[in-house]
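Okay, here's what each chain looks like letter by letter:
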Amino acid sequence: LVLEQLARLASIVLTNAGIAADLRQRELKIRAFLLATPDLILRFDRRGRLREFSIPQNSSFFEISALQRGIALEEIFTAKNAELALLTFEKAFSTGTMQTFEYEIASEQFSTGYREVRVMPLDAEEAMSIVRDTTERKSAEKNFCALMSCCRHSMKNCLQAMRS
């Protein structure tokens, strides 16, 4: 009887050691993912209080100096953007689906930047938010629109010249 119990205990110890090793491997993979991600990752509670965040290395997010655990959305965003963020969070919680919003950010020290925020509820009480710097994409979109406008104008002039 004692030998059976010792055998079961040894089996449990070996199983737990395997589980612990598996958890360590998963943790290493998650840490590597966080380090490789160029986006700002935030975890909020349902009331909009910041619980946790991951700041990317070589970050272009100049607004991160305001981040600290426990602060509210209203303290992170400007009033206009905080209202948009709160509405987006509420919609994410009420629908259980990912919601997205974009906003413009300006600083006296930096030029205007653009951010895209994706909010996904984790459960009924928490949401994960990924903030992406979309400044380059917005700049490319503006340049593309200007180029298209110029092309339309040139085409219009060519057509008018051909008609004359």
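Preceding this section is the structure that the text describes.
What counts, and where the lines are drawn
- Residues numbered from 1 in each chain as written.
- Predicted model: local features only at pLDDT ≥ 70, side-chain atom pairs only at ≥ 80, totals over all residues.
- Heavy atoms only, no water.
- 1 Å grid on protein atoms, 1.4 Å probe; cavity = no way out; pocket = protein on both sides within 12 Å on 5 of 7 lines; lining within 4 Å.
- Points joined across faces, edges and corners; volume = space filled by probe spheres on them.
- Helix = DSSP H or I, 4+ residues; strand = E, 2+ residues; numbered from the N terminus.
- Nonpolar A, V, L, I, M, F, W, Y, C, P; charged D, E, K, R; others polar.
- Pairing = 2+ DSSP bridges.
- Core = buried A, V, L, I, M, F, W, Y, C linked by side-chain atoms within 4.5 Å.
- Buried < 20%, exposed > 50% of the residue type's maximum accessible area, 1.4 Å probe, protein only.
- Contact = heavy atoms within 4.5 Å.
- Phe/Tyr/Trp six-rings, centres within 6.5 Å; stacked < 30°, edge-to-face > 60°.

Turning our eyes to something else, we now look at the layout of surface pockets. Taken as a whole, the second largest pocket holds about 190 Å³ of empty space. Residue lining of the second largest pocket: 12 residues in total, with Thr-78, Asn-81, Tyr-103, Glu-104 and Ile-105 positioned closest to the centre. Broken down by secondary-structure element, the contributors of at least two residues to the lining of the second largest pocket are α3 (79-95) and β3 (99-105). Split into classes, the residues belonging to the lining of the second largest pocket amount to six nonpolar, two polar and four charged.

Turning to the pairing of strand β2 (residues 50-54), a few remarks are in order. Taken together, the four bridges between strand β1 (residues 40-45) and β2 define a ladder with antiparallel strand orientation. Note that in β2 the partner of Leu-42 across the bridge is Phe-53. The loop that links β1 with its antiparallel partner β2 comprises four residues; one of these, Gly-48, has a positive phi angle of about 90 degrees.

The subject of this paragraph is the nonpolar core. For soluble globular proteins, nonpolar side chains are generally found buried alongside one another. With 21 residues, the main nonpolar core has Leu-42, Phe-44, Leu-50, Ile-76, Phe-77, Phe-89 and Tyr-103 as its most contacted residues. Broken down by element, the residue count for this core peaks at five residues, all from α3. Residues within four places of Ile-76 in sequence aside, it is in contact with Phe-44, Leu-50, Leu-67 and Ile-71.

Our focus in this paragraph is the packing of aromatic side chains. Between two aromatic rings, the relevant description is the distance of the centres plus the angle of the planes. Overall, the coordinates contain four aromatic pairs when judged by the stated rule. On the basis of an interplanar angle of 65 degrees and a centroid distance of 6.1 Å, the ring pair of Phe-77 and Phe-101 is categorised as edge-to-face. In this pair, Phe-77 sits in the loop between α2 (73-76) and α3 while Phe-101 sits in strand β3, placing the two residues 24 residues apart along the sequence. There is no split in this pair, since Phe-77 and Phe-101 are both buried. Ring geometry for Phe-77 versus Tyr-103: centroids 5.2 Å apart, planes at 90 degrees, classification edge-to-face. With a gap of 26 residues between them, Phe-77 in the loop between α2 and α3 and Tyr-103 in strand β3 connect regions that are remote in the sequence. For the residue pair Phe-77 and Tyr-103, the accessibility class agrees, reading buried in each case. Through pairs of rings, three or more aromatic residues link up here, namely Phe-77, Phe-101 and Tyr-103.

As far as function goes, none of this settles anything; it's purely spatial.
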